[in-house]
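# Structure assessment
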Amino acid sequence: MSFEVISNFIAAFFTLSIFSFLYKDNPFYKFAEAVFIGVSMGYAIPLIYQDTFIPFVYRPIFVEYKFLILIPALTGSLYIFRFSKNLGWLSRYPIAFSMGIVGMGVPLSMHSYVLVQMRSAMLPVDNINTALIFIGTVTILLYFFFSKEHKGVYGKVTNIGIWFMMVGFGASFGYTVMARISLLIGRIQFLLGDWLGLMK
Amino acid sequence: MKRQIPLLIVIILGFIFVIHVFVPHKASADFYDWYQTWIKAISPFMVLLGIMSLFMVHSTKIKRKVPNWQYSVITLASLIGTGAVGFIWGTQAGTPFMWLFKNVQMPMGATMFSLLAFYIASAAYKAFRARSAEATVLLIAAIIVMLGQVPIGIKISKLIPETSNWILNVPNLAAKRGIAMGVGLGMTATSLKILLGIERTYMGGGK
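Computed from a predicted structure; not experimentally measured. (Residues numbered from 1 in each chain as written. Chains lettered and ligands numbered in written order. Predicted model: local features only at pLDDT ≥ 70, side-chain atom pairs only at ≥ 80, totals over all residues. Heavy atoms only, no water.)

### Overview of the overall build of chain B
This is how the line gets drawn: Put simply, DSSP marks the helices as runs of H or I at least four residues long and the strands as runs of E at least two long, and each gets a number from the N terminus on. When accessible area is computed with a 1.4 Å probe and restricted to protein chains, residues below 20% of their type maximum are described as buried, those above 50% as exposed, and intermediate ones as partly exposed. What makes two residues a contact is simply this: any of their non-hydrogen atoms within 4.5 Å. The protein chains shown are the only cover counted for residues, whose accessible areas, like all others here, come from Shrake-Rupley with a 1.4 Å probe. A positive count includes Lys and Arg, and a negative count includes Asp and Glu. His and the chain ends are not counted in either. Working definition for charges: the position is that of NZ of Lys, CZ of Arg, CG of Asp or CD of Glu.
The helix and strand tally for chain B stands at eight helices and zero strands. Reading the secondary structure of chain B in the N-to-C direction produces α-α-α-α-α-α-α-α. Its C-alpha atoms put chain B at 65 × 50 × 40 Å along the principal axes. With 207 residues in all, chain B has 40% of them scored as buried. Put simply, 31% of the contacts in chain B that link residues at least 6 apart link residues at least 24 apart. For chain B, the accessible surface area stands at approximately 11500 Å², while carbon and sulfur atoms represent 71% of it. Across chain B, 19 positive and 5 negative side-chain charges occur, with their mean positions spaced 17 Å apart.

### Topic: the interface of chain A and chain B
To keep it simple, the criterion reads: Computed with a 1.4 Å rolling probe, the buried area is the accessible surface lost when two parts are put together, summed over both parts. The salt bridge definition used is simple: a Lys or Arg side-chain nitrogen within 4 Å of an Asp or Glu carboxyl oxygen. Whenever a nitrogen or oxygen atom comes within 3.5 Å of another N or O atom, the pair is scored as a polar contact, on the condition that within protein one atom can donate a hydrogen and the other can accept it, and that pairs from neighbouring residues in sequence are kept only if both atoms are in side chains.
Between chain A and chain B, the contact holds 105 residues from the first and 111 residues from the second. Of the roughly 10100 Å² buried at the junction of chain A and chain B (both faces included), carbon and sulfur atoms supply 81%. Taken together, the links from chain A to chain B amount to zero salt bridges. Summed over the shared surface of chain A and chain B, the result is 13 residue pairs in polar contact (both at pLDDT 80 or more).

### Topic: the confidence of the model for chain B
Applicable threshold: The predictor attaches a confidence to each residue, and that confidence, scored 0 to 100, is pLDDT.
Per-chain confidence: chain B averages 92 in pLDDT, with 99% of residues scoring 70 or above. The lowest-confidence element of chain B is helix H4 (residues 96-129) of chain B, averaging 90 in pLDDT; the highest-confidence one is helix H3 (residues 69-89) of chain B, averaging 97.

### Details of the packing of aromatic side chains
Selection criterion: To pair, rings of Phe, Tyr and Trp, with the six-membered ring standing in for Trp, must have centres within 6.5 Å; the planes then decide the type, stacked if under 30 degrees apart, edge-to-face if over 60, and tilted in the middle. The criterion for a charge sitting over a ring is simple: Lys NZ or Arg CZ within 6 Å of the ring centre, and within 35 degrees of the ring normal.
Throughout the structure, instances matching the rule amount to 23 aromatic pairs over all chains. Ring geometry for Phe-9 of chain A against Trp-195 of chain A: centres 5.8 Å apart, planes inclined by 75°, an arrangement best described as edge-to-face. Here the residue Phe-9 of chain A occupies a position in helix H1 (residues 3-19), and Trp-195 of chain A occupies one in helix H7 (residues 152-195), the gap between them amounting to 186 residues. Its relative accessible area of 47% is what places Phe-9 of chain A among the partly exposed residues. Classification of Trp-195 of chain A by relative accessible area gives partly exposed; the value is 27%. Seen in terms of ring centroids, Phe-13 of chain A and Phe-28 of chain A are 6.2 Å apart; in terms of plane orientation they differ by 75°. Their pairing is edge-to-face. Here Phe-13 of chain A is found in helix H1, whereas its partner Phe-28 of chain A is found in helix H2 (residues 27-63), with 15 residues between them in sequence. The ring of Tyr-154 of chain A has Lys-148 of chain A sitting right over it, with the charged end atom 5.5 Å from the ring centre. Stacked on the ring of Trp-69 of chain B, the Lys or Arg Lys-65 of chain B has its end atom at 4.8 Å from the ring centre.

### Topic: unusual backbone geometry
All names here are of chain A. The phi dihedral of Tyr-65 falls on the positive side, at around 55°, and the residue is not glycine. Tracing the backbone shows Tyr-65 in the loop between H2 and helix H3 (70-77). For Tyr-65, a relative accessible area of 55% translates into the label exposed.

### Description of the packing of helix H5 (residues 102-121) of chain A against helix H1 (residues 4-22) of chain B
Rules: Note on method: axes are straight lines fitted to C-alpha atoms, helices fitted across the in-contact stretch only, with angles between N-to-C directions ranging 0 to 180 degrees. To sort the angles, those under 35 degrees are grouped as roughly parallel, those over 145 as roughly antiparallel, those from 65 to 115 as roughly perpendicular, and the leftovers as oblique. The crossing is said to be left-handed when, going from far helix to near helix, the turn is anticlockwise and less than a right angle, and right-handed when the turn is clockwise. Each residue receives one of three labels: charged for Asp, Glu, Lys and Arg, nonpolar for Ala, Val, Leu, Ile, Met, Phe, Trp, Tyr, Cys and Pro, and polar for the others, Gly being one of them.
Look at H5 of chain A against H1 of chain B: their axes get within 6 Å of each other, and the N-to-C directions meet at 40°. When the axis of H5 of chain A is compared with that of H1 of chain B, the two are oblique. H5 of chain A and H1 of chain B meet at a crossing whose hand is right-handed. Contact residues: H5 of chain A offers Gly-103, Met-104, Pro-107 and Leu-108 of chain A, while H1 of chain B offers Gly-14, Phe-17, Val-18, His-20, Val-21 and Phe-22 of chain B. Here the contact of H5 of chain A with H1 of chain B is built from residues that sort into seven nonpolar, three polar and no charged.

Encoded structure:
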């Protein structure tokens, strides 16, 4: 038995173990789930060590002798006090340093999510599609305005927003199903082709 | 010291970065680069915290012999094993680490996500049983978009791919735009609350 056959056998075993959940929760699924969590986390550790710890902590301090990096490194190490009852407050310092970036979020989210979208929405209404996009956007925004009760004419207008959202959710739903089906086809191709050799 | 100084750090850094967006001066850009280097030096310790948390949760389960504690042993063994393999043989292509990725992690990840295809179909059936006009519109839009992406759609009717494109470019765009504006306003409001020290839950409980 070649190494590739053994590899495919292992991959097929884990694939079938996960699929077995479709019948019901069982020891094979639980085993595969436990391995998946461990392997996923274990996979991240050497990569983060190699791509973040070495170039941004180890090399600046021990190779380039930039001792100023000791400050963020020591601040970062305060995270481990999160588990201490008495010294847990120390972990707030690295959190505070990381949260500082939120300041950029105020103008940037306003720009990219609101202003750019508003600019794109303010096109000349010269055909039915641009009119529909405009009506849809406005009615959806009105739907999310909860300071006024959704009754009467206002309620009917917000109802149009719901219909637009339902079509939008349907489109997202369709895309999600297609993505999942594509993954499913990939797994079935692996089982029938690479593993059992029934497909070429 | 325990709460006020971290809060002050967030407020000061936050306002510096608000100014940085509006005033892209060299001093401001240099400060941003310096901050990025510091954050990158802090970030590996966040992962360490995550690993410690996972170890503590599972080792407690093992110690207390809670039902199904054996799976916690498997999780920890897989974690240690994969990490050790990466450190001993490296992470390049052709190493045992990449073999684990290709034959264990990747197949399970893809299968886990493909399972959702079945559960989504079941959710669609339940939505259809609700028999509301909105649920029907949602399903019709979903079916048209799905058929518009596959060859069978065009075989049924040439109108299907066209309608699918229209759904994506017109009502879907309006929906996404309306929701995006709401999300943007929400993000701005939340960021402002953090910046002004009104929102403090990220600091955790305790004194």
